[in-house]
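Report on the structure
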Amino acid sequence: AVVSTQSTGILEKVKKIASEYDKVIAVGYSQGGVIWRALIEQWDDHNVDTFVSIASPLHGIAGAPPLLKELVPFVDKFSRSPTFYLFVYSFLGQRLAPLNYYLDPYHYQLYRSCANFFPRLNNEKGSHWERARQKHNFLKLRKLVLVGGPDEHVLRPWQSAQFGYYNEEGNRAEEVISMEETRFYTDDLFGLKTLDQRGGVVKCTVAGPDHFQFRDDKRVMDTCVLPAVEEATLAAER
């Protein structure tokens, strides 16, 4: 299903559960982190204190993931062809959830004009009121914990889990820039820079686990998730 449909469909259920608590901690894994981010931006007066995103493509994806390249060697070359990106930004391509957050750095204007979910999530399009509302809701977060690692084999680039991404020149490993260098951050499109400058963004990098192992890896739990939960609990008690 399209990601926007998934997030809209569960928002009311999440609101009902969250209403039983003063503050909540949201944890999203893989595409679930993208959905949680959409929920937060669309949820007026939410009570999410801390959002922990684990191996989630928060800045999108581009090209063929390493795992798929191992299974189908020619897919990387195909992912750089006009046939592929024209499919990605077609009506049919945008009906596939993983392609909803496909951000092709070579064809940025095509992405902005033809994709719907991700450009709106990132405040790259939408009315002034919609963008201001989403930014306000995002900035109601106190902490954002970004969990990822270099042995990730599904997200490309893996740094997308920490809002890093490719520069405007390409989509190869040597062309990855940090969160602080991306347009999302420098233009503060949805509040990422503001949140970071007030101490609200934590990057937690764990080497070793691949994409599917991140969900249950003990080091991820001990190094990233549990400290975030403990910190949020102490903050609530102050």
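Scroll up for the structure.
The following refers to the structure shown. The model shown is predicted, which means the values in this text are computed figures rather than measured ones.

For any two helices packed against each other, one specifies the inter-axial angle together with the distance between the axes. Packing of helix α2 (residues 31–42) against helix α8 (residues 128–138) leaves a shortest axis separation of 7 Å and a crossing angle of 110 degrees. Taken together, the axes of α2 and α8 are roughly perpendicular relative to one another. Taken as a pair, α2 and α8 cross one another with a handedness that is right-handed. In this structure, α2 uses Ile40, Glu41 and Gln42 to contact α8, whose residues at the interface are Arg133, Gln134, Asn137 and Phe138. Here the residues of the contact of α2 with α8 sort into 2 nonpolar, 3 polar and 2 charged.

A word on a nonpolar patch on the surface. On the surface, Phe87, Leu92 and Leu96 cluster together to form a nonpolar patch covering roughly 270 Å² of accessible area. Here Leu96 lies in the loop between α5 (82–88) and α6 (108–114).

This next bit is on the nonpolar core. If you look at the biggest cluster of nonpolar residues, it comprises 47 residues, and the most contacted ones within it are Trp36, Val48, Tyr102, Leu144, Phe163 and Leu192. Here the element with the most residues in this core is α2; it accounts for 6 residues. Apart from residues no more than four positions distant in its own chain, Tyr102 is found in contact with Ile61, Ala62, Gly63, Ser79, Phe84, Val88, Tyr89 and Tyr111. One finds Cys204, Val220, Cys224 and Ala228 within the second-largest nonpolar core, a separate group that totals 12 residues.

We now examine α8. Looking at α8, one finds that the buried residues are Arg133, Gln134, Asn137 and Phe138. Angularly, the buried residues of α8 cover 130 degrees about the axis, an arc narrow enough to put them on a single face. In α8, those exposed residues whose orientation departs by more than 90 degrees from the buried face are His128, Trp129 and His136. Buried residues in α8 make contact with α2, α7 (117–121), β3 (143–148) and α10 (192–197).

Strand order in the open sheet made by the 4 strands is β1-β2-β3-β6, with parallel pairing throughout. Whereas interior strands pair on both sides, the edge strands pair on one side only; in this sheet they are β1 (24–29) and β6 (201–205). Across the sheet, the mean angle from the axis of one strand to that of its neighbour is 15 degrees, orientation sign disregarded. On top of the sheet, helix α11 (residues 218–237) reaches β1, β2 (48–54), β3 and β6; it is set at about 175 degrees to β2, its chief contact.

So, on to the side chain of His46. Secondary-structure assignment places His46 in the loop between α2 and β2. His46 sits in the buried class, given a relative accessible area of 4%. A polar side-chain atom of His46 sits 2.7 Å from the main-chain carbonyl oxygen of Asn137.

Across the junction of Arg156 and Pro157, the peptide omega takes the value 0 degrees, indicating a cis bond. Its location among the elements puts Pro157 in the loop between β3 and β4 (165–166). Even without a glycine there, the phi angle at Ala55 is positive, about 50 degrees. Tracing the backbone shows Ala55 in the loop between β2 and α3 (66–71). Taking the relative accessible area as the measure of exposure, Ala55 reaches 1% and is therefore buried. Phi is positive for Asn123, close to 60 degrees, though the residue is something other than glycine. The residue Asn123 is located in the loop between α7 and α8 in this model.

So, about the packing of helix α1 (residues 3–18) against α2. Running from amino to carboxyl end, α1 crosses α2 at an angle of 60 degrees, the nearest separation of the two axes being 9 Å. The two elements α1 and α2 cross, and the hand of that crossing is right-handed. Of α2, the residues touching α1 (which contributes Val3, Gln6, Ser7, Ile10, Leu11 and Val14) are Gln31, Val34, Ile35, Trp36, Ala38, Leu39 and Gln42. Split into classes, the residues belonging to the contact of α1 with α2 amount to 9 nonpolar, 4 polar and no charged.

For β2, the tally of buried residues reaches 7 of 7 residues, placing the bulk of the element in the interior. Tracing the backbone out of β1, into α2 and back to the parallel element β2 gives a crossover that is right-handed. Relative to β3, β2 is paired through 5 bridges, and the arrangement is parallel. When the bridges of β3 are listed, Ile54 appears paired with Val147.

Parameters and conventions
- Residues numbered from 1 in each chain as written.
- Predicted model: local features only at pLDDT ≥ 70, side-chain atom pairs only at ≥ 80, totals over all residues.
- Heavy atoms only, no water.
- Axes fitted to C-alpha atoms, helices over the stretch in contact; angles between N-to-C directions.
- Helix = DSSP H or I, 4+ residues; strand = E, 2+ residues; numbered from the N terminus.
- Parallel < 35°, antiparallel > 145°, perpendicular 65-115°, else oblique.
- Left-handed = near helix turned anticlockwise from the far one by under 90°.
- Contact = heavy atoms within 4.5 Å.
- Nonpolar A, V, L, I, M, F, W, Y, C, P; charged D, E, K, R; others polar.
- Patch = residues over 30% accessible without salt bridge, like charges linked within 9 Å, V, L, I, M, F, W, Y side chains within 5 Å.
- Areas by Shrake-Rupley, 256 points an atom, 1.4 Å probe, with all protein chains shown as cover.
- Salt bridge = Lys/Arg side-chain N within 4 Å of Asp/Glu carboxyl O.
- Core = buried A, V, L, I, M, F, W, Y, C linked by side-chain atoms within 4.5 Å.
- Buried < 20%, exposed > 50% of the residue type's maximum accessible area, 1.4 Å probe, protein only.
- Arc of directions from axis to C-beta.
- Pairing = 2+ DSSP bridges.
- Polar contact = N/O pair within 3.5 Å; in protein donor to acceptor, adjacent residues only side chain to side chain.
- Right-handed = clockwise from strand over helix to strand, strands pointing away.

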